[in-house]
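Listed here are the chains, written in short residue letters.
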Amino acid sequence: MAKPQLNLDESHLDDFLNEPNIEANTPNISVLMPPLPCRMTVTLDEVIAYDRNPRRKRNPNYKSIKESIRNRGLDDEPTITRRSVEEPFMIRSGGNTRLSILGELYQEYSEKALEAEEAGDLEQAQAHRLKAEEFYRFEWTYKPWNGEINALIGHMAENEERGDMIYIEKALAVKDLLDMFNAEAEKPLSSRKLASKITETGWSISHNSVTLMLYAVSELDGQIDKALWSGLGSPQISKLRALHRAYGKFCHSQNIPSESFNQKWQESLTICDDEELNIDSIRRYADQLISDELQVDYFTVTAEIDAILTGSRPVLKDKPQKQLQEAPSETQNSEPNEANNSDNVINLDQSSRDNSTTVNHSVATEQQSNTPPGSHSGPVTMTVLNDLRQQLYVDVVT
């Protein structure tokens with residue numbers, strides 16, 4: 001039996017294309033959610049950026065990427081997915097910058113087409129409309145939705161390959177992943193377990209990196225935003241974390257309440273926040289606040305923090321008190337006798353008291369035999385200790 005032939009001459013072509021069955025058999029893109037990966041034609045109106053995009057700051061290469069797409073088109077097309085038929089299609093794993101650029105280029109050439117039409121240049125208007133269409137309709141790969149965790153990690157893995165995300169963006173993504181994993185876990189995950197789960201899902205990250213990123217979010221985000229969003233990296237954040245711990249250890253040894261310490265630390269960060277963060281400025285400010293609190297010399301706090309940073313313990317065992325004013329001596333011009341001021345003498349550990357000779361005697365003997373004339377030969381007082389620390393600090397710095 002001969003196959004029926006369609007009459008597609010010019011007189012019948014319009015009628016054929018407008019047949020009702022053609023429209024009825026065309027799938028409605030708004031209800032498509034294929035269970036398997038496939039190619040799909042979509043428009044800008046049907047696709048949105050990933051709504052939990054870890055990139056919060058504009059891509060630094062945005063302009064160069066835009067010019068490349070304008071002149072060459074998309075060399076690397078994004079993949080799309082969909083949570084449900086009630087929601088639009090969405091960028092699946094990287095490509096939010098490209099989607100934004102496509103929208104800008106479509107808008108740009110659509111406006112140029114209108115301007116050409118108003119000027120009566122229909123040929124140029126048609127050229128601009130064809131160019132706009134290149135940035136509006138696409139055939140992209142669709143992959144089924146695989147959960148929030150996989151979606152976020154997919155975007156992070158893609159951005160890590162490009163290497164253009166700043167540290168705080170990665171840290172915020174890690175915090176989001178921690179919340180997601182904890183929502184599914186029976187008990188909160190440790191940073192080590194979190195790093196393992198993230199790596200297993202597709203984004204390779206170490207335990208140490210996870211720990212530092214969570215610190216950046218919990219302790220620095222909101223305090224030094226200028227520095228963080230200007231690209232403050234892991235080396236500087238590691239230094240801040242070490243300083244934070246050192247100040248906390250020292251303040252705890254001096255019975256400074258944690259609330260008071262946290263307030264001083266946060267004030268130091270906020271006051272010194274800048275696009276080019278100076279960690280030494282933070283140290284100077286924090287040293288001054290704590291020395292005022294303890295009523296000790298500034299260099300005493302500086303020396304104590306330096307000692308802790310190098311692995312030593314705080315020297316000051318008890319919270320110092322302000323020196324008491326002594327009564328004037330019989331001679332009006334005579335100076336107060338520091339050796340008789342009991343409040344000015346450092347309390348020593350029991351192990352020091354058990355030595356065969358007293359500290360005062362040892363110091364005196366040492367000074368008599370080894371120190372130059374004019375050096376102090378009395379008891380170890382707070383003033384003496386401060387002078388020694390200040391001289392040591394100056395020697396080290398210079």
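Note that this is a predicted model, so its numbers are computed, not measured.

Draft legend 1. Local environment of the packing of helix 11 (residues 234–253) against helix 13 (residues 279–294). Interhelical geometry of helix 11 versus helix 13 gives an angle of 10° and a closest axis separation of 11 Å. As far as their axial angle goes, helix 13 and helix 11 are roughly parallel. Between helix 11 and helix 13, the residues in contact are Gln236, Lys239, Leu240, Leu243, Tyr247, Phe250 and Cys251 and Ile279, Ile282, Arg283, Ala286, Asp287, Ile290 and Leu294, respectively. For the contact of helix 11 with helix 13, the residue count by class is 10 nonpolar, one polar and three charged.

Draft legend 2. Summary view of the pattern of salt bridges. Using the criterion set out here, one finds 21 salt bridges in the structure. One salt bridge in this structure joins Arg39 and Glu77, with 2.4 Å as the shortest N-O distance. Taken together, the residues span a long stretch of sequence, with Arg39 in strand 1 (residues 38–43) and Glu77 in the loop between helix 3 (62–72) and strand 3 (79–81) at a distance of 38 residues. Where Glu293 meets Lys264, a salt bridge forms, and the shortest distance between an N and an O atom there is 3.4 Å.

Draft legend 3. Region of interest: the sheet that holds strand 5 (residues 137–142). Strand order across the open sheet formed by five strands is 1-5-3-4-2, with mixed pairing between neighbours. Pairing within the sheet leaves two strands with one partner each, and these edge strands are strand 1 and strand 2 (47–48). Relative to strand 5, strand 3 runs parallel, the two sharing two bridges. Bridged to Ile80 within strand 5 is Tyr142. Against the sheet, helix 4 (residues 96–118) touches strand 2, strand 4 (89–91) and strand 5, its axis set at about 165° to strand 5.

Draft legend 4. Summary view of the nonpolar core. Within the largest apolar cluster, 59 residues are counted, with the highest numbers of intra-cluster contacts made by Leu177, Leu194, Ile224, Ile237 and Leu240. Ranked by residues supplied to this core, first place goes to helix 7 (residues 167–184) with 10 residues. Ignoring sequence-local partners within four residues, the contact set of Leu240 consists of Tyr215, Leu220, Ile224, Leu232, Trp265, Leu269, Leu277, Ile279 and Ile282. Counting 20 residues, the second-largest nonpolar core is a separate cluster that includes Leu99, Ile101, Trp140 and Tyr142.

Draft legend 5. Inspection of the environment of Asp274 at higher detail. You can see Asp274 is positioned in the loop between helix 12 (258–272) and helix 13. Taking relative accessible area as the criterion, Asp274 reaches 38% and is therefore assigned partly exposed. Spatially, the C-alpha atom of Asp274 lies 8.2 Å from that of Asp225, the residues being 49 residues apart in sequence. Once residues within four sequence positions are removed from consideration, Asp274 is found in contact with Lys226 and Ala227. A polar contact is formed between the side chain of Asp274 and the backbone nitrogen of Glu276, at a distance of 3.1 Å.

Draft legend 6. Here's a closer look at the environment of Gln124. Inspection of the secondary structure puts Gln124 in helix 5 (residues 122–134). With relative accessibility at 34%, the residue Gln124 sits in the partly exposed group. Sequence separation of Gln124 and Lys112 is 12 residues, and the distance between their C-alpha atoms is 8.8 Å. Reaching out from Gln124, the side chain makes a polar contact with the side chain of His128 at a distance of 3.0 Å.

Reading the values: rules and limits
- Residues numbered from 1 in each chain as written.
- Predicted model: local features only at pLDDT ≥ 70, side-chain atom pairs only at ≥ 80, totals over all residues.
- Heavy atoms only, no water.
- Axes fitted to C-alpha atoms, helices over the stretch in contact; angles between N-to-C directions.
- Helix = DSSP H or I, 4+ residues; strand = E, 2+ residues; numbered from the N terminus.
- Parallel < 35°, antiparallel > 145°, perpendicular 65-115°, else oblique.
- Contact = heavy atoms within 4.5 Å.
- Nonpolar A, V, L, I, M, F, W, Y, C, P; charged D, E, K, R; others polar.
- Salt bridge = Lys/Arg side-chain N within 4 Å of Asp/Glu carboxyl O.
- Pairing = 2+ DSSP bridges.
- Core = buried A, V, L, I, M, F, W, Y, C linked by side-chain atoms within 4.5 Å.
- Buried < 20%, exposed > 50% of the residue type's maximum accessible area, 1.4 Å probe, protein only.
- Polar contact = N/O pair within 3.5 Å; in protein donor to acceptor, adjacent residues only side chain to side chain.

The values are spatial; any link to function lies outside them.
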